[in-house]
Each structure stands twice: as structure tokens, then as C-alpha cells.
Amino acid sequence: MMKIFEKILIVLLIALILIQFYRPEKNNAENRDVAVFESQTEMPAKVKAVFSSKCYDCHSNKTTYPWYSEVAPVSFFIADHVEEGIEHFNVSQWESYSIKKKDHKLDELIEEIEANEMPLKSYNLLHGGITESEKVALIAWARKVRKTYNIN
């Protein structure tokens, strides 16, 4: 029984070493700017701080990768989160969004925060979540910006 366990352990160790040589693609898009989003939405300092520390890594092209993003299998997990995040809401593309899409993205942002779906629980474990006062500030800001779009 012990010999089988040792063989399985050796195979797993070799697989872990080999997987280190394969790197998932990183978010290295050319447009890494978030200034248009911040400017057009008249983002207050508190909201900007939350976006900078909790949102931009997955919801813009301005991703800052932590050191552990270089270690598989964590690298695959992070790459998947970033890819999915920018697919759903990429503030670096804000200028290209229609008014209707901007309104919809802000509405989704409100829903996700109210339902405690954002930031993701896995993100919160490593980086900490957002406080109640930050949630209130984000939701109030998003509602205020949505009013400027006058969509019924």
C-alpha cells in the first residue's frame, strides 16, 4: 500500500513541476487606461480608492499581478478570474460602451455589490473584502451616475 502511495506522490510532484513551465496568458492589453472611466463617472476619492484596491485588477486592463500568480495551479485560477472579470465589465473600454451599456454595467455593479457577489469570495480570502461604508459609497455613486444617463 505504501509503495502505491509513494508512486502517486512522485507522479503528482512531477506533474506539479512540469505545470510550472506552462504559463497562462496575462492581461497585457494595450489600453490600460482607467482615467476616462474615472472622469466620465465623476468618481469621488473614496470610490476611486476601492476601485484601485479591489476592482481594477479584474475589471480593467490595468491588472497588477501578485507574486503568487506565477505559481501553478494558482496562476490558472487567477488568469481565469481576470479573463472573466474583463469579459463582464472592463472599465478600460468604458469610452467604447454605449450609454445603454454603461447604464446596464452600473446597474449590474449595484446588484453584485448588494448581493455580496463582488468582490468574489475567493478574492476576499486573500485581499480582504469591502467594508459596509465602501459598499454604501459604491452603490450611491453608481446610482448617481446612472441618473445622468436618463434611461427608463
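Please read these numbers as outputs of a predicted model, since none were measured by experiment.

Participant: Can you tell me about a nonpolar patch on the surface, naming the residues and giving the values?
Facilitator: A cluster of nonpolar side chains, contributed by I10, L13, I14, L16, I17, L18, I19 and F21, occupies part of the molecular surface with about 810 Å² of accessible area. F21 sits in the exposed class, given a relative accessible area of 69%.

Participant: So, the packing of helix 3 (residues 45-59) against helix 7 (residues 132-149): which residues are in play, and what are the values?
Facilitator: Across the interface, helix 3 lies against helix 7 with an axial gap of 9 Å and an inter-helix angle of 110°. Between helix 3 and helix 7, the crossing angle belongs to the class labelled roughly perpendicular. Residues K46, V47, V50 and F51 of helix 3 lie in contact with helix 7, whose contacting residues are S133, E134, A137, L138 and W141. Classifying every residue of the contact of helix 3 with helix 7 by side-chain character gives six nonpolar, one polar and two charged.

Participant: Explain the packing of aromatic side chains to me, using residue names and the numbers behind them.
Facilitator: One pass over the full model with this rule turns up ten aromatic pairs. Summarising the aromatic geometry, the rings of F37 and F51 are spaced 5.4 Å apart at their centres and angled 55° between planes, so their arrangement reads as tilted. Of this pair, F37 sits in helix 2 (residues 35-40) while F51 sits in helix 3, and the two are 14 residues apart along the sequence. On the basis of relative accessible area, F51 is assigned to the buried category, the value being 1%. Consider the rings of W67 and Y68, whose centres lie 5.5 Å apart with planes at 85°: the pair is edge-to-face. Classification of W67 by relative accessible area gives exposed; the value is 68%. Exposure remark for Y68: the relative accessible area of 18% places this residue in the buried category.

About the thresholds
Residues numbered from 1 in each chain as written. Predicted model: local features only at pLDDT ≥ 70, side-chain atom pairs only at ≥ 80, totals over all residues. Heavy atoms only, no water. Patch = residues over 30% accessible without salt bridge, like charges linked within 9 Å, V, L, I, M, F, W, Y side chains within 5 Å. Areas by Shrake-Rupley, 256 points an atom, 1.4 Å probe, with all protein chains shown as cover. Salt bridge = Lys/Arg side-chain N within 4 Å of Asp/Glu carboxyl O. Buried < 20%, exposed > 50% of the residue type's maximum accessible area, 1.4 Å probe, protein only. Axes fitted to C-alpha atoms, helices over the stretch in contact; angles between N-to-C directions. Helix = DSSP H or I, 4+ residues; strand = E, 2+ residues; numbered from the N terminus. Parallel < 35°, antiparallel > 145°, perpendicular 65-115°, else oblique. Contact = heavy atoms within 4.5 Å. Nonpolar A, V, L, I, M, F, W, Y, C, P; charged D, E, K, R; others polar. Phe/Tyr/Trp six-rings, centres within 6.5 Å; stacked < 30°, edge-to-face > 60°.

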